Amino acid sequence: MPRASLHSLYIFFSMVVLASSQTLAPKPLPKEPLEKYDNPPPLSPAVATSPGLIFQFGPYTSYQVNVVNGNNIVGDAANEPSICVDPINRNKMSIGWRQFDSVSSNFRQAGFAYTANGGSTWISPGVLQRNVFRSDPVLNSDGAGHFFYLSLLQNFFDDLWRSLNGGQSWTNIGGADGGDKEWFVIDNTNSTGHGFQYQAWSSDGNNYGGRQFSRSVNGGLTWMNPINVPHSPAWGTLDVDSNGNLFIGGVNLNTGQIWCVRSTNAKNGGVIPTFDQSTPINLGGNIVSGEPINPGGLVGQVFLAADRSGTTTNNNVYILASVQPTGFNNGSDVMFVRSTNGGRTFSAPRRINDDPVNHAKWHWFSALSVAPDGRIDAVWLDTRNAANNTNSQLFYSYSLDGGNTWSLNIAISNSFNPFLGYPNQNKLGDYITIVSDNAGANVAYAATFNGEEDIYYVRLPRKVWNLTTTADFNGDAKPDYVLYNADTRQTAIWYMDNNVFVSGAWGPTLPLNWGLKDVADFNSDSQPDYALFYPNRGYTAIWYMSGPTLVDGASGPTLPGSWELAATADFNGDNKPDYVLYNGITQQTAIWYLDNNVLIGGDVGPTLPNGWTLMGVADFDGDGHADYALFHPSSGQTAIFYLSGTTLIGAAWGPTLPGSWALVATADFNGDGKPDYVLYNSNTRQTAIWYLNNNVLVSGAIGPTLPAG
């Protein structure tokens with residue numbers, strides 16, 4: 001199939017209808033506080049431990065955060081993570097969460113952890129106050145790198161804690177008004193409101209007769225008497241634009257209408273703030289709670305963020321939420337709107353999740369952040385790949401043009417069952433959070449990979465150019481690098497002489513939503529071809545190449561749900577490459593035998609152990625059969641699965657990689673007839689070759705550094 005046909009196929013299947021002619025009334029929202037004291041502290045807090053979980057999903061590594069001395073506490077629970085990042089030293093971060101010491105009690109406290117090495121190691125000293133009921137953690141940082149932790153108490157007042165050492169310890173600096181489902185923002189602009197803190201909370205769980213807003217002009221030490229906000233927006237975040245104008249997003253709990261409210265004088269510490277503009281928001285659906293995916297909580301809150309980039313998108317205001325589409329009573333979509341005129345008007349709603357419309361699917365807990373350069377990042381939990389419509393994965397998408405267009409949705413995590421480990425409360429919390437910078441984004445999310453609710457951190461790096469695979473493109477019998485640009489979808493070939501870069505050439509640009517998974521000679525013309533995969537629908541395609549030039553294309557077989565194309569190699573000895581499939585839920589592999597682009601048979605392959613990723617296929621023991629090269633990102637350990645056809649016949653440890661390095665491909669670089677490891681350091685963008693004799697490291701050499709853009 002030629003390029004144009006693939007792109008047309010994408011356009012055809014991407015045509016969706018966001019609303020229906022049905023006129024079902026919006027579901028009523030709860031009229032009582034979502035956070036309230038219920039159970040007393042557990043008599044027997046969980047004390048048993050297991051190793052803290054670190055796992056890799058593709059290029060993304062998730063680290064468990066709620067650990068004690070690196071260990072998971074078996075039988076406790078943690079959810080509603082909020083993350084803050086030091087803007088001066090982005091290796092320093094802290095995450096707060098609702099800590100349940102035992103799943104037998106829904107009594108919760110204010111858990112926290114910190115990292116000083118960019119999230120690779122998390123240390124959790126405990127909770128803010130032992131046996132004090134706390135909920136709705138919200139963390140933020142000011143321009144000096146001071147961290148703040150806003151916490152809801154049993155009496156529906158908040159207090160504010162401050163850390164001057166990157167979240168290692170916290171000091172209570174006083175009461176902070178507040179109420180149920182509070183959010184706050186710190187003005188880090190150069191406006192007259194620099195350093196001001198603004199807080200809004202729900203109209204329920206409210207000690208002020210429905211008044212929902214307060215301000216601190218002295219770093220959170222004292223707060224003004226709360227005031228009303230027009231239209232009473234709740235369950236939504238706040239932000240300031242580059243001029244210090246304040247925006248509040250949220251939903252009216254009586255009408256279900258979503259609002260954006262603005263104050264242009266909140267930055268004037270000499271006056272009581274007023275709100276000069278209120279704009280109703282159409283997100284193509286409704287904020288909902290008590291749905292099957294999260295029975296005791298919300299499907300999502302309203303996330304508002306402002307662009308302070310100083311670019312052409314400066315002062316844009318964005319709103320994102322997981323909503324149930326208008327006219328339907330099941331499922332949810334991630335919907336987005338933007339304003340280019342200070343919140344006066346907003347665009348038509350745009351659906352960010354790019355899977356086919358299916359109202360049995362949930363796209364929930366969406367969260368939004370804007371990088372200093374204006375890039376918009378969105379993450380959410382997603383059931384698109386689950387046959388039961390409930391098992392969820394963390395997904396990600398970004399926009400580089402102010403929300404006009406969005407990237408292919410990418411799965412970031414393994415799948416998990418969100419119903420496991422409820423702490424006598426039937427929900428996974430009510431939100432996850434994300435903080436962006438120009439080099440990527442930091443995400444804190446709750447998941448049940450351990451069979452219980454835990455907090456995880458994942459870094460979404462902006463690598464732009466990635467080393468995808470290797471193959472000989474210029475016929476010199478030496479493997480070359482195949483690069484892919486995540487922003488432009490451009491590919492490139494770097495011609496190599498062993499570990500030395502010789503020259504390069506542009507390859508073809510991939511169509512939207514298609515990914516390059518591997519390279520092999522499918523049409524037996526002695527030229528490597530591209531194997532493409534459309535992850536949300538399971539489509540595959542072959543692009544036939546002559547060197548770096550696209551000659552023709554053809555559709556390949558379509559994969560079933562939950563399976564992805566992981567690699568290609570000849571497994572049945574017919575000198576034709578076959579597909580290696582991987583199921584991220586079961587960790588099962590399978591081989592699909594191909595004749596060019598046609599499926600002619602298949603077999604089950606070995607199941608990978610927990611925490612291990614298939615990174616390459618090559619004949620390591622010289623028996624004429626393809627073997628699996630596995631990588632364990634949390635330890636850096638590698639291993640070889642020796643295969644005979646699709647049957648596992650043995651295994652051996654490979655060399656362990658140093659920190660920050662990952663195994664990305666395998667190929668024979670020094671011409672000794674034995675496959676070698678290709679390594680990549682995502683921090684420095686450096687590559688390296690480790691020369692192997694079977695599974696034994698013989699020597700190594702530095703390879704070229706990938707470009708940043």
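Calculation criteria
- Residues numbered from 1 in each chain as written.
- Predicted model: local features only at pLDDT ≥ 70, side-chain atom pairs only at ≥ 80, totals over all residues.
- Heavy atoms only, no water.
- Domains from an automatic or database assignment.
- Contact = heavy atoms within 4.5 Å.
- Buried area = accessible area lost by both parts, 1.4 Å probe.
- Salt bridge = Lys/Arg side-chain N within 4 Å of Asp/Glu carboxyl O.
- Polar contact = N/O pair within 3.5 Å; in protein donor to acceptor, adjacent residues only side chain to side chain.
- Helix = DSSP H or I, 4+ residues; strand = E, 2+ residues; numbered from the N terminus.
- Nonpolar A, V, L, I, M, F, W, Y, C, P; charged D, E, K, R; others polar.
- 1 Å grid on protein atoms, 1.4 Å probe; cavity = no way out; pocket = protein on both sides within 12 Å on 5 of 7 lines; lining within 4 Å.
- Points joined across faces, edges and corners; volume = space filled by probe spheres on them.
- Pairing = 2+ DSSP bridges.
- Axes fitted to C-alpha atoms, helices over the stretch in contact; angles between N-to-C directions.
- pLDDT = per-residue confidence, 0-100.
- Phe/Tyr/Trp six-rings, centres within 6.5 Å; stacked < 30°, edge-to-face > 60°.
- Buried < 20%, exposed > 50% of the residue type's maximum accessible area, 1.4 Å probe, protein only.
- Lys, Arg positive; Asp, Glu negative; His and termini not counted.

1. Focus: the domain arrangement of the protein
Then step 1. Parsing the protein into structural domains produces domain 1 (50-461) and domain 2 (465-705).
Then step 2. Centre-to-centre, using C-alpha coordinates, domain 1 lies 37 Å away from domain 2.
Then step 3. Every contact between the two is made by 17 residues of domain 1 and, on the other side, 14 residues of domain 2.
Then step 4. Interface area lost by domain 1 to domain 2 is led by Gln56, Asn385 and Leu408, which between them contribute 36%.
Then step 5. Connecting domain 1 to domain 2 are zero salt bridges.
Then step 6. Linking domain 1 with domain 2 are one residue pair in polar contact (both at pLDDT 80 or more), by the criterion used here.
Then step 7. Elements supplying a minimum of two residues to the side of domain 1 that touches domain 2: strand E2 (54-57) and strand E29 (393-399).
Then step 8. Per element, the largest residue contribution to the side of domain 1 that touches domain 2 is four residues, and it comes from E2.
Then step 9. The residue inventory of the side of domain 1 that touches domain 2, partitioned by class, reads eight nonpolar, six polar and three charged.

2. A few points about the layout of surface pockets
Then step 1. Put simply, the second largest pocket is a space of about 1000 Å³.
Then step 2. What lines the second largest pocket is a set of 37 residues, among which Asn140, Asp239, Arg308, Ser369 and Val435 lie closest to the centre.
Then step 3. Breaking the lining of the second largest pocket down by element, the ones donating at least two residues are strand E6 (77-85), strand E10 (134-141), strand E14 (183-186), strand E18 (238-240), strand E23 (302-306), strand E27 (363-370) and strand E31 (433-437).
Then step 4. Split into classes, the residues belonging to the lining of the second largest pocket amount to 22 nonpolar, eleven polar and four charged.

3. As for the sheet that holds strand E12 (residues 158-163)
Backbone-to-backbone hydrogen bonds join strands into a sheet, with any given pair of strands oriented parallel or antiparallel.
Then step 1. Taking strand neighbours across the sheet as the criterion, the four strands line up as E10-E11-E12-E13 in an open arrangement whose pairing is antiparallel. Each edge of the sheet is formed by a strand with only one pairing partner; in this case those strands are E10 and strand E13 (171-175). For this sheet, the mean inter-axis angle between neighbouring strands, taken without regard to orientation, is 25 degrees.
Then step 2. Note: E10 against strand E11 (residues 147-153), six bridges, orientation antiparallel. Its bridge partner lying in E11, Arg134 is registered against Leu153.

4. Re the confidence of the model for the protein
Then step 1. With 95% of its residues at a pLDDT of 70 or more, the protein has an overall mean of 92.
Then step 2. Ignoring residues within four places in sequence, the model shows residues 1-23, a span with pLDDT below 50, making 43 contacts including any to other chains.

5. What to know about the packing of aromatic side chains
Then step 1. Enumeration according to the criterion identifies 34 aromatic pairs in this entry.
Then step 2. Cluster of aromatic residues (ring-pair linked, three or more members): Phe55, Phe416, Tyr445, Phe449 and Tyr456.

6. Considering the sheet that holds strand E48 (residues 637-644)
Then step 1. Strand order in the open sheet formed by four strands is E46-E47-E48-E49, and the pairing between neighbours is antiparallel. At either margin of the open sheet sits one strand with a lone partner, and together these are strand E46 (613-618) and strand E49 (647-653). Ignoring strand direction, the axes of neighbouring strands in this sheet form an average angle of 25 degrees.

7. Observations regarding unusual backbone geometry
Only a minority of non-glycine residues have a phi that is not negative, and only a minority of peptide bonds are not trans.
Then step 1. Phi is positive for Glu80, close to 55 degrees, though the residue is something other than glycine.
Then step 2. Mapping Glu80 onto the fold places it in strand E6.
Then step 3. In this structure, Asn315 is a non-glycine residue whose phi angle is positive, near 70 degrees.
Then step 4. Among the secondary structure elements, Asn315 is positioned in the loop between E23 and strand E24 (317-325).
Then step 5. Taking relative accessible area as the criterion, Asn315 reaches 17% and is therefore assigned buried.

8. Side note on the side chain of Asn252
Then step 1. Note on placement: Asn252 falls in strand E19 (residues 246-252).
Then step 2. The buried category is assigned to Asn252, whose relative accessible area is 11%.
Then step 3. A distance of 2.8 Å separates a polar atom in the side chain of Asn252 from the backbone oxygen of His231.
Then step 4. If we ignore the near neighbours within four places in the chain, the residues touching Asn252 are Leu29, His231, Ser232, Gln257 and Trp259.

9. Considering the side chain of Asp177
Then step 1. Take Asp177: it is sitting in the loop between E13 and E14.
Then step 2. As a buried residue without a salt bridge, Asp177 has its nearest oppositely charged side chain in Arg211, at a separation of 8.1 Å.
Then step 3. A distance of 3.2 Å separates the side chain of Asp177 from the side chain of Tyr208, its partner in a polar contact.
Then step 4. Discounting residues that sit within four places of it in the chain, Asp177 has contacts with Phe157, Asp158, Trp201, Tyr208, Ser214, Trp223, Met224 and Pro226.

10. A word on the pairing of E14
Then step 1. Side chains Trp183 and Val185 of E14 all project onto a buried face; the interleaved residues Phe184 and Ile186 project onto the opposite face, where all are buried too.
Then step 2. Where E14 lies against strand E15 (residues 197-200), four bridges are found, and the strand directions are antiparallel. Across the sheet, residue Trp183 finds its bridge partner in E15, namely Ala200.

11. Remarks on the environment of Asp672
Then step 1. Along the chain, the position of Asp672 falls in the loop between strand E50 (661-667) and strand E51 (676-681).
Then step 2. Between the C-alpha atoms of Asp672 and Leu692, which are 20 residues apart in sequence, the distance is 9.6 Å.

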